[in-house]
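Structure assessment
One letter stands for each residue in the lines below.
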Amino acid sequence: MSLYSACGIRRSFTSFRDDELENTSIDELVDFLSELEPPAEDIDWNFDTLPYLDMLKLTSREPVIKAPHYLVLRAERKLFSLQMCGYIGEMAVLHLTDKGIATRWIGNTQIDQTNIDPNLLPFVGVIAFGYSDESFRT
């Protein structure tokens, strides 16, 4: 499959199994995002992949969607930084879909600012990911 083909079967999943992904799947995602050329090169951004328990420490309440892994996107506050992170996040979602891994963007995530290093870029968005018993689109 390709990222283009993944567009046709991609959907937002509502439930995830507790099984953690293999380290190679996480490494492939990190490599994919690290090599990605963002549409705006003058905006500083980064990401973290976190397991559920680390995400729980970062938020002020339990995530709306419980998943074994989360992709946390950060970017400097600048014109078009939200759009750029949306592009990067959606590329990550398509990459994971291509690998048969379920995803869901999570809105309204409350980050506990007391647990945040002030030197980190501001939080922009979160994507839950992992395996699911739900099916992709056909």
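An account of the accompanying structure is given in this report. (Residues numbered from 1 in each chain as written. Predicted model: local features only at pLDDT ≥ 70, side-chain atom pairs only at ≥ 80, totals over all residues. Heavy atoms only, no water.)

**Observations concerning the nonpolar core**
We apply this condition: For the purposes of this section, nonpolar cores are sets of buried Ala, Val, Leu, Ile, Met, Phe, Trp, Tyr and Cys residues that join through side-chain atoms within 4.5 Å. Relative accessibility decides the category of a residue: with a 1.4 Å probe and only protein chains considered, values under 20% of the type maximum give buried, values over 50% give exposed, and everything between is partly exposed. Under the scheme used here, helices are H or I runs from DSSP no shorter than 4 residues and strands are E runs no shorter than 2 residues, and both carry numbers assigned from the N terminus. Contact definition: two residues touch when any of their heavy atoms are within 4.5 Å.
Counting residues in hydrophobic clusters, the biggest one holds 24 residues, and the most contacted among them are Leu-33, Leu-71, Ile-88 and Phe-129. Considering every element that reaches this core, the biggest residue donor is helix H4 (residues 81-98), with seven residues. When near neighbours in sequence (up to four residues on either side) are disregarded, Leu-33 contacts Trp-45, Phe-47, Leu-71, Ile-88 and Ala-92. Counting residues in hydrophobic clusters, the runner-up holds 15 residues, among them Leu-50, Met-55, Ile-65 and Val-72.

**Observations concerning the environment of Glu-62**
Heads up, the rule is: What qualifies as a polar contact is a pair of N or O atoms within 3.5 Å, subject to a donor-acceptor requirement within protein and to the restriction that residues adjacent in sequence count only when both atoms come from side chains.
Position of Glu-62 among the secondary structure elements: in the loop between helix H3 (52-58) and strand S2 (69-75). Sequence-wise, Glu-62 and Gln-110 are 48 residues apart; in three dimensions their C-alpha atoms are separated by 9.2 Å. With near-sequence residues (within four places) excluded, Glu-62 lies in contact with Tyr-52 and Leu-56. A polar side-chain atom of Glu-62 sits 3.0 Å from a polar atom in the side chain of Tyr-52.

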